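Below are the chains, spelled out letter by letter.
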Amino acid sequence: EHYLPRNAEDRLPEGKPGTLVGIADRLDSIAGLFAVGLAPSGSKDPFALRRAALGLVQLLIGKGLEFNLDWGLTQAGELLPVNFSEEEKQAALEFITGRLRSLMLEQGYRYDVVDAVLHRQAVNPAKAQGYIDTLSKWVARPDWMLILPAYSRCVRITRDLDQKFSIQEKLFVEPAEKELFAALLKAQRTLAGSEDLKTALEQLEIMMPIINTFFDSVLVMAEDTATRQNRLGLLQEIVALLSDKVDLSALEGF
């Protein structure tokens, strides 16, 4: 049980001791062998770590158990009789998530959808699989290439900024920016505390025409510094509605 978050055992189905042992055994094997320099190299995998990592990923997905692999490897490393460095842990984590990516591709998901989700959710295979399934349905929609560009405009104009700008409602003067700010507040209230990707995408869909109107009507890069930063802060908050869930910039057409 040392390997599981406090509430994880409450979410395990019947037979949870077997699940616990399966998770612990695979984490221990992967962490231990990476710690002593016996990670797979090329086609050589004498200790079948690829099978162990794939089995771990399949177990978590099959049971629908959300589990943070980074945290789990940390716990496994603390129990080892040898040092398990941060670099070795990251290598082990990348090794496991590499198996997760391969599994998703083998199941027929688009590579860009897989990458968009794994850029944010790779440490949680069950959650990642759910997000991949959800995003796959959205990118298959005939109106997706109307929704995505609205979001991408917000990302492109803000992604190189080296600071986060605060929003001051009193600085909004144009009707289009006031409308977008109101839509943002509504979306934030809807998503407060929610990790549901479908709901977040629905909010983006609702905001899409408002975002487009904003860009058509408002000069974001205004000469006045306060006005410019306020508008950029507004767009940063729109980006944040989804950026902790998926990296839509990895999608084709972004």
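Remember, predicted model here, so these are calculated numbers, not experimental data.

Observations regarding the overall build of the protein chain
Step number 1: On a plain count of helices and strands, the protein chain comes out with 10 helices and zero strands.
Step number 2: Along the protein chain, helices and strands appear, N-terminal first, in the series α-α-α-α-α-α-α-α-α-α.
Step number 3: Overall, the protein chain is about 65 × 40 × 35 Å in size when its C-alpha atoms are taken along their principal axes.
Step number 4: For the protein chain, the proportion of its 254 residues judged to be buried stands at 47%.
Step number 5: Within the protein chain, counting contacts between residues at least 6 apart in sequence, those at least 24 apart form 72% of the total.
Step number 6: Accessible area of the protein chain: about 12800 Å², with a carbon and sulfur share of 49%.
Step number 7: Separation between the mean location of the 28 positive side-chain charges and that of the 36 negative ones in the protein chain comes to 2 Å.

Things to note about helix 7 (residues 144-158)
Step number 1: Over its 15 residues, helix 7 extends 22 Å from the first C-alpha to the last, a length consistent with the 21 Å expected when each residue adds 1.5 Å.
Step number 2: Taken together, the buried positions of helix 7 are occupied by Trp 144, Ile 147, Leu 148, Ala 150, Tyr 151, Ser 152, Cys 154, Val 155 and Thr 158.
Step number 3: Where the residues of helix 7 are buried, they touch helix 6 (125-139), helix 9 (197-217) and helix 10 (225-243).

Examining the packing of aromatic side chains
Step number 1: For the structure on display, the rule yields four aromatic pairs.
Step number 2: Plain terms: the ring middles of Phe 67 and Trp 71 are 6.3 Å apart, the flat faces sit at 80° to each other, and that makes the pair edge-to-face.
Step number 3: In this structure Phe 67 comes out as buried when scored by relative accessible area, which is 1%.
Step number 4: For the ring pair Phe 214 and Phe 215, a centre distance of 5.5 Å and an interplane angle of 80° mean the geometry is edge-to-face. The exposure classification of Phe 214 matches that of Phe 215, with both residues buried.
Step number 5: Above the ring of Phe 95, the side-chain terminus of Arg 99 is found at 4.9 Å from the ring centroid.
Step number 6: Lying across the ring of Trp 138, Arg 141 places its NZ or CZ 4.3 Å from the centre.

Regarding the packing of helix 7 against helix 10
Step number 1: The contact between helix 7 and helix 10 brings their axes to 9 Å, and the two run at 120°. By the angle between their directions, the pair helix 7 and helix 10 is classed as oblique. The handedness of the crossing between helix 7 and helix 10 comes out as left-handed. Across the interface between the two elements, Tyr 151, Cys 154, Val 155, Ile 157 and Thr 158 from helix 7 touch Leu 232, Leu 235, Gln 236, Ile 238, Val 239, Leu 242 and Ser 243 from helix 10.

Some remarks on helix 10
Step number 1: Here helix 10 contains 19 residues, and its C-alpha end-to-end distance of 26 Å stays within 8% of the 27 Å for a straight helix at 1.5 Å per residue.
Step number 2: Considered for burial, the residues of helix 10 that qualify are Thr 227, Asn 230, Arg 231, Leu 232, Gly 233, Leu 234, Leu 235, Gln 236, Ile 238, Val 239, Leu 241 and Leu 242.

Some words on the nonpolar core
It is characteristic of soluble globular proteins that their nonpolar side chains tend to be buried jointly.
Step number 1: Counting residues in each nonpolar core, the largest one holds 80 residues, and the members touching the most others are Leu 135, Trp 144 and Leu 248.
Step number 2: When residues of this core are assigned to their parent elements, the largest contribution, 10 residues, is made by helix 9.
Step number 3: With sequence-adjacent residues up to four places away left out, Leu 135 is seen in contact with Val 113, Ala 116, Val 117, Trp 144, Leu 197, Leu 201, Leu 248 and Leu 251.

Focus on the confidence of the model for the protein chain
Step number 1: On average, the protein chain scores 93 in pLDDT, and the residues at 70 or more come to 93%.
Step number 2: In the model, residues 1-15 has pLDDT below 50 throughout and makes 32 contacts with residues more than four positions away in sequence or in other chains.

What to know about a nonpolar patch on the surface
Step number 1: A cluster of nonpolar side chains, contributed by Val 36, Leu 38, Phe 47 and Val 82, occupies part of the molecular surface with about 330 Å² of accessible area.
Step number 2: Within the element layout of this structure, Leu 38 appears in the loop between helix 1 (16-35) and helix 2 (49-63).
Step number 3: Judged by relative accessible area, Leu 38 falls into the partly exposed class, the value being 38%.

Remarks on the packing of helix 3 (residues 69-78) against helix 4 (residues 86-106)
Step number 1: Their axes nearest at 10 Å, the elements helix 3 and helix 4 cross at an angle of 135°. Classified by the angle between their axes, helix 3 and helix 4 sit oblique to one another. In terms of crossing hand, the pair formed by helix 3 and helix 4 is right-handed. When helix 3 is examined against helix 4, the residues Leu 69, Asp 70, Leu 73 and Thr 74 are found in contact with a partner set consisting of Lys 89, Gln 90, Ala 92, Leu 93, Ile 96 and Thr 97.
Step number 2: Residue composition of the contact of helix 3 with helix 4, grouped by class: five nonpolar, three polar and two charged.

Digging into the pattern of salt bridges
Step number 1: Within this structure, the stated rule accounts for 13 salt bridges.
Step number 2: Residue Arg 110 pairs with Asp 112 through a salt bridge whose shortest N-O separation is 2.6 Å.
Step number 3: Relative accessible area serves as the criterion here: at 36%, Arg 110 is assigned to the partly exposed category.
Step number 4: Ionic pairing is found between Glu 177 and Arg 231, a salt bridge with its closest N-O pair at 2.9 Å. On the criterion of sequence distance, the pair formed by Glu 177 in helix 8 (residues 175-191) and Arg 231 in helix 10 is long-range, its members being 54 residues apart. The burial state of Glu 177 is the same as that of Arg 231; both residues are buried.
Step number 5: Among the charged side chains, a salt-bridge network with shared partners connects Asp 70, Glu 86 and Lys 89.

What counts, and where the lines are drawn
- Residues numbered from 1 in each chain as written.
- Predicted model: local features only at pLDDT ≥ 70, side-chain atom pairs only at ≥ 80, totals over all residues.
- Heavy atoms only, no water.
- Helix = DSSP H or I, 4+ residues; strand = E, 2+ residues; numbered from the N terminus.
- Buried < 20%, exposed > 50% of the residue type's maximum accessible area, 1.4 Å probe, protein only.
- Contact = heavy atoms within 4.5 Å.
- Areas by Shrake-Rupley, 256 points an atom, 1.4 Å probe, with all protein chains shown as cover.
- Lys, Arg positive; Asp, Glu negative; His and termini not counted.
- Charge placed at Lys NZ, Arg CZ, Asp CG, Glu CD.
- Expected span 1.5 Å × (residues − 1).
- Phe/Tyr/Trp six-rings, centres within 6.5 Å; stacked < 30°, edge-to-face > 60°.
- Lys NZ or Arg CZ within 6 Å of the ring centre and 35° of its normal.
- Axes fitted to C-alpha atoms, helices over the stretch in contact; angles between N-to-C directions.
- Parallel < 35°, antiparallel > 145°, perpendicular 65-115°, else oblique.
- Left-handed = near helix turned anticlockwise from the far one by under 90°.
- Core = buried A, V, L, I, M, F, W, Y, C linked by side-chain atoms within 4.5 Å.
- pLDDT = per-residue confidence, 0-100.
- Patch = residues over 30% accessible without salt bridge, like charges linked within 9 Å, V, L, I, M, F, W, Y side chains within 5 Å.
- Salt bridge = Lys/Arg side-chain N within 4 Å of Asp/Glu carboxyl O.
- Nonpolar A, V, L, I, M, F, W, Y, C, P; charged D, E, K, R; others polar.

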